[in-house]
Amino acid sequence: SMAVLAACGERLAVLYDEFRALAGTAGLFSFGLSAYLYMRSFRESALLARGGNSGCPVHDFFMGRELNPRIGSFDLKLFCEL
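Residues numbered from 1 in each chain as written. Predicted model: local features only at pLDDT ≥ 70, side-chain atom pairs only at ≥ 80, totals over all residues. Heavy atoms only, no water.

Undergrad: How do you make sense of the packing of aromatic side chains when you look at a structure like this?
TA: According to the stated counting rule, one finds five aromatic pairs in the structure shown. Their ring planes at 50° and their centres at 5.9 Å tell us that Phe-31 and Phe-61 sit as a pair that is tilted. Here Phe-61 lies in helix H4 (residues 57–63) and Phe-31 lies in helix H3 (residues 19–40), a separation of 30 residues in the sequence. Here Phe-31 falls in the exposed class, since its relative accessible area comes to 53%. By relative accessible area, Phe-61 is classed as partly exposed at 21%. For the pair Phe-61 and Phe-62, a centre-to-centre distance of 5.3 Å together with 90° between the ring planes defines the contact as edge-to-face. Here the aromatic cluster, defined as three or more aromatic residues joined through ring pairs, consists of Phe-31, Tyr-38, Phe-42, Phe-61 and Phe-62. Seen from the ring of Phe-42, Arg-65 lies directly overhead, with NZ or CZ sitting 4.1 Å from the centre. (Phe/Tyr/Trp six-rings, centres within 6.5 Å; stacked < 30°, edge-to-face > 60°. Helix = DSSP H or I, 4+ residues; strand = E, 2+ residues; numbered from the N terminus. Buried < 20%, exposed > 50% of the residue type's maximum accessible area, 1.4 Å probe, protein only. Lys NZ or Arg CZ within 6 Å of the ring centre and 35° of its normal.)

Pasting the structure below:
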């Protein structure tokens, strides 16, 4: 991405200048995605993970209740781990 910015003539310092906004947005996005996946795991058709179904909501939220959450054929847990 830095090569693209350099090729386009953009200042590379824009990443430094906008670091707080980028970090804040990434944090909000990850929390929102986690909350969405946690709420979605309460569907009756959800296949629950053994370690993420402890009964403690805080533990289950951070470990992930659903085994392989997907949107269509897109595996979200695999995407987020890579």
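Now that the structure has been shown, the text picks up again.
Undergrad: Just to check I follow, could you spell out H3 for this structure?
TA: Given 3.6 residues per helical turn, the α-helix brings residues three or four places apart onto the same face. Here H3 contains 22 residues, and its C-alpha end-to-end distance of 31 Å stays within 8% of the 32 Å for a straight helix at 1.5 Å per residue. Considered for burial, the residues of H3 that qualify are Leu-33, Leu-37, Tyr-38 and Arg-40. Along the axis of H3, the buried residues cluster in a sector spanning 165°; they form a single face. Turned more than 90 degrees off the buried face of H3, the exposed positions are Arg-20, Leu-28, Phe-31 and Met-39. In this structure, the buried side of H3 is in contact with H4, strand S1 (70–71) and helix H5 (76–81). (Expected span 1.5 Å × (residues − 1). Arc of directions from axis to C-beta. Contact = heavy atoms within 4.5 Å.)

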